[in-house]
Amino acid sequence: MQVESILALYQLDSAVTLARPYGDGHINDTYRVETESGRRYILQRLSPAAFSEPEKVMQNVSRVTAFLREAIRRRGGDPERETLRIIPMADGKEYLMADDGCWRMYGFIGDTKTYQQAENEAVFREAGRAFGRFMRDLADYPADTLHETIPRFHDTENRLAAFKAAVEENRAGRAGQVQAEIAFVLERGCRAGELLKASLPLRVTHNDTKLNNVLMNAADSKALCVVDLDTVMPGLCAYDFGDAIRFGANTAAEDEQDLTKVNFSLPMFKAYAEGYLGEAGSMLTAAEIASLPLGAWMMTYECGMRFLTDFLNGDTYFHIAYRQHNLVRARNQFTLLADMERQADGMHGIVREYIKE
Ligand code: ADP
Ligand code: GN1
Ligand code: MG
């Protein structure tokens, strides 16, 4: 459906003056909307490729944000700036099921900044604080009432099975050109089940903790609001920690093509651990803290494999800007992973300091 027709279903404060694609998310179609009075909104079409049951996503988001607003208020924060608010349509519904997918609107949280790369340790430490606080705020959320919006989202063994099927099917005829990358994934396949085998406690986790899913307050550069709540589900803290490290402790962008620039930064890892464990460390068991380096390895392995799977399938899942984009991203993740393997002892040394004997 046209953005204009969707907007016509909303009764906003005044007439819409602008609706323009916004942000760098890989999944949803996001638009920034402005009205005559100067108010702003975020309009999104949920990706049908990612979310087959959008009603469940919206039910989770509605409940989780209501819960977060209370938690934020209780700790003296500002619920209007520190979590998302769904803007209902004129008929009171929180989303629209259209032919091309599910549409929804949020209030725009202004005077903020999102980073596509961690510019320095202070920024990344703040991101760690944001996701640590997020998990703590949701510690008492009844996890069994959450829908699993993407089944087995971080079940890496299942991702590996999907990867092998994509290689076998070779739908886009690209397997021949990525033999080295396929071998890289398969060589490590025996480790895919390591996290799930560890019997770690399930928490309410975000599951997509990329740096650009945190809004930083422009005025003081402090972490303000965690966004992109579509994958909030029961999960392991190692997923949240690991996925953030995968993105932010890379010395280059996730899609940097010059692989000599792609390294794993231990100082960035340390900064994130300080922020995250400073907020959430007291609620975690020793086994959970010890699992965080494995989380970083696993999320990087899994994400590289997911990019390569999408490349093999003909780019049906992640947004791409050019033909080889998913392959570039996969190579980037594998380069990062190899460097993480070289620096595994360093990661373990850092988290060990947080384990109380
Ligand atoms: P995707 O699932 O595609 O990543 P997101 O929900 O993360 O979509 O939105 C894309 C980007 O839009 C985010 O990275 C963030 O920069 C920005 N954004 C999302 N929601 C808001 C909001 N309520 N206020 C301001 N910016 C937002
Ligand atoms: C997607 O939605 P976005 O751009 O924040 C993806 C993550 C990947 C990430 C890789 C729902 O995140 O799992 O790690 O791209 N989200 C979904 O950049 O699949
Ligand atoms: Mg996002």
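For the structure itself, look to the data block above.
Predicted model, so just to flag it, every value in this text is computed and none were measured.

Asks: Which residues make up the overall build of the chain, and what values do they have?
Replies: Looking only at helices and strands, the chain has 12 helices and 10 strands in total. What you see for the chain is a C-alpha radius of gyration of 20 Å, in line with the 21 Å of a compact globule of 357 residues. C-alpha atoms of the chain, sized along the principal axes, occupy 55 × 55 × 35 Å. The burial tally for the chain puts 55% of its 357 residues in the buried class. Total accessible area on the chain is roughly 15,300 Å²; 48% of this is exposed by carbon and sulfur atoms.

Asks: Just give me the short version of the sheet that holds strand 1 (residues 16-21), but keep the residues and values in it.
Replies: One key point about sheets: their strands pair by backbone hydrogen bonds, in either a parallel or an antiparallel sense. Read across the sheet, 5 strands follow the order 1-2-3-5-4 without closing on themselves; strand pairing throughout is antiparallel. Looking at the sheet topology across the chains shown, the edges are occupied by strand 1 and strand 4 (96-98). Strand-to-strand, the axes of this sheet are offset by a mean angle of 25°, without reference to chain direction. One ladder, built from 5 bridges, connects strand 1 with strand 2 (residues 29-35); its direction is antiparallel. Bridging from a neighbouring strand, Pro-21 pairs with Tyr-31 of strand 2. Each of strand 4 and strand 5 (101-107) is contacted by helix 2 (residues 54-74), which is oriented at about 20° to strand 5, the strand it contacts most.

Asks: Lay out empty space enclosed by the protein with the relevant residues and their values.
Replies: Going through the model one piece at a time under the given rule, you end up with 2 cavities of 30 Å³ or more. By volume, the largest cavity is sized at about 90 Å³. If you go around the largest cavity, the residues you meet are Leu-68, Ile-72, Arg-75, Glu-82, Ala-130, Arg-133, Phe-134, Asp-137, Leu-224, Cys-225 and Val-226. Elements with a contribution of two residues or more to the lining of the largest cavity: helix 2, helix 4 (121-137) and strand 9 (223-226). Sorting elements by how many residues they give to the lining of the largest cavity places helix 4 first, with 4 residues. Across the lining of the largest cavity, the residue classes break down as 7 nonpolar, no polar and 4 charged. Counting contributing residues per domain, the lining of the largest cavity is built from domain 1 (3-110) and domain 2 (121-352), each supplying no fewer than three.

Asks: Describe in detail the site of ligand 2, supporting the description with residues and values.
Replies: Taken together, 18 residues are adjacent to ligand 2, and His-26, Lys-210, Glu-254, Arg-306 and Tyr-317 come closest. Within the side chain of Arg-246, a nitrogen or oxygen atom sits 3.4 Å from an oxygen atom of ligand 2. Its free accessible area being 440 Å², ligand 2 has 98% of it covered by the protein chains. At a threshold of 2 Å from the grid points, most atoms of ligand 2 map onto the largest pocket. Secondary-structure elements contributing two or more residues to the shell around ligand 2 are helix 8 (237-248) and helix 10 (286-313). Per-class residue counts for the shell around ligand 2 are 7 nonpolar, 4 polar and 7 charged. The residues that make up the shell around ligand 2 include at least three from each of domain 1 (3-110) and domain 2 (121-352).

Asks: Could you give me a rundown of the coordination of the magnesium ion (ligand 3), with the residues and numbers involved?
Replies: Ideal values for angles at a metal depend on the geometry: 109.5 degrees with four tetrahedral donors, 90 or 180 degrees with six octahedral donors. Distances from the magnesium ion (ligand 3) to its protein donors, Asn-213 (OD1) and Asp-228 (OD), fall at 2.2 Å. With Asn-213 in the loop between strand 7 (203-205) and strand 8 (214-217) and Asp-228 in the loop between strand 9 and strand 10 (233-235), the pair connects residues that are 15 residues apart, well separated along the chain. For Asp-228, a relative accessible area of 25% puts it in the partly exposed group.

What counts, and where the lines are drawn
Per chain, the residues get numbers from 1 upward, laid out in the order the sequence is written. Working convention: letters from A go to chains and numbers from 1 go to ligands, in the order in which they are written. In view of the model being predicted, local features appear only for residues whose pLDDT reaches at least 70, and side-chain atom pairs are presented and counted only at 80 or more, with totals across whole chains, interfaces and linings using the full set of residues. Hydrogens are left out, water is left out, and the side-chain values use all remaining heavy atoms of the structure. The helix count covers DSSP runs of H or I at least four residues long, the strand count covers runs of E at least two residues long, and both are numbered beginning at the N terminus. Radius of gyration: over C-alpha atoms. The globule rule applied is 2.2 Å multiplied by the number of residues raised to the 0.38 power. Burial status follows relative accessibility: with a 1.4 Å probe on protein chains alone, a residue under 20% of its type maximum counts as buried, one over 50% as exposed, and anything between as partly exposed. Here the open area of atoms and residues is found with the Shrake-Rupley method and a 1.4 Å probe, where only the protein chains shown may cover a residue. Think of it this way: DSSP has to see at least two bridges between two strands before they count as a pair. The axes used here are C-alpha line fits, helices contributing only the stretch in contact, and every angle between their N-to-C directions lies in the interval 0 to 180 degrees. We call two residues contacting when some pair of their heavy atoms lies within 4.5 Å. Grid spacing is 1 Å over the protein atoms alone, the probe is 1.4 Å, and a cavity is where that probe fits but cannot get out, while a pocket is an open set with protein on both sides within 12 Å along at least five of seven lines and lining residues have an atom within 4 Å of a point. Grid points are joined across faces, edges and corners, and a volume is the space filled by probe spheres set on the points. Residues were grouped as follows: Ala, Val, Leu, Ile, Met, Phe, Trp, Tyr, Cys and Pro as nonpolar; Asp, Glu, Lys and Arg as charged; and all remaining residues, including Gly, as polar. By convention here, the domain bounds are inherited from an automatic or database domain assignment. We define proximity as follows: a residue is near a molecule or strand when any one of its heavy atoms falls within 4 Å of that partner. Here a polar contact is recorded for every N or O atom pair within 3.5 Å, except that within protein the pair must consist of a potential hydrogen donor and a potential acceptor, and residues adjacent in sequence are included only if both atoms are side-chain atoms. Whether a molecule sits in a cavity or pocket is decided by its atoms, more than half of which must lie within 2 Å of the grid points. The donor definition counts N, O and S atoms within 2.8 Å of each metal and applies 3.2 Å to Na, K and Ca; water is not among these atoms, so some sites may look incomplete.

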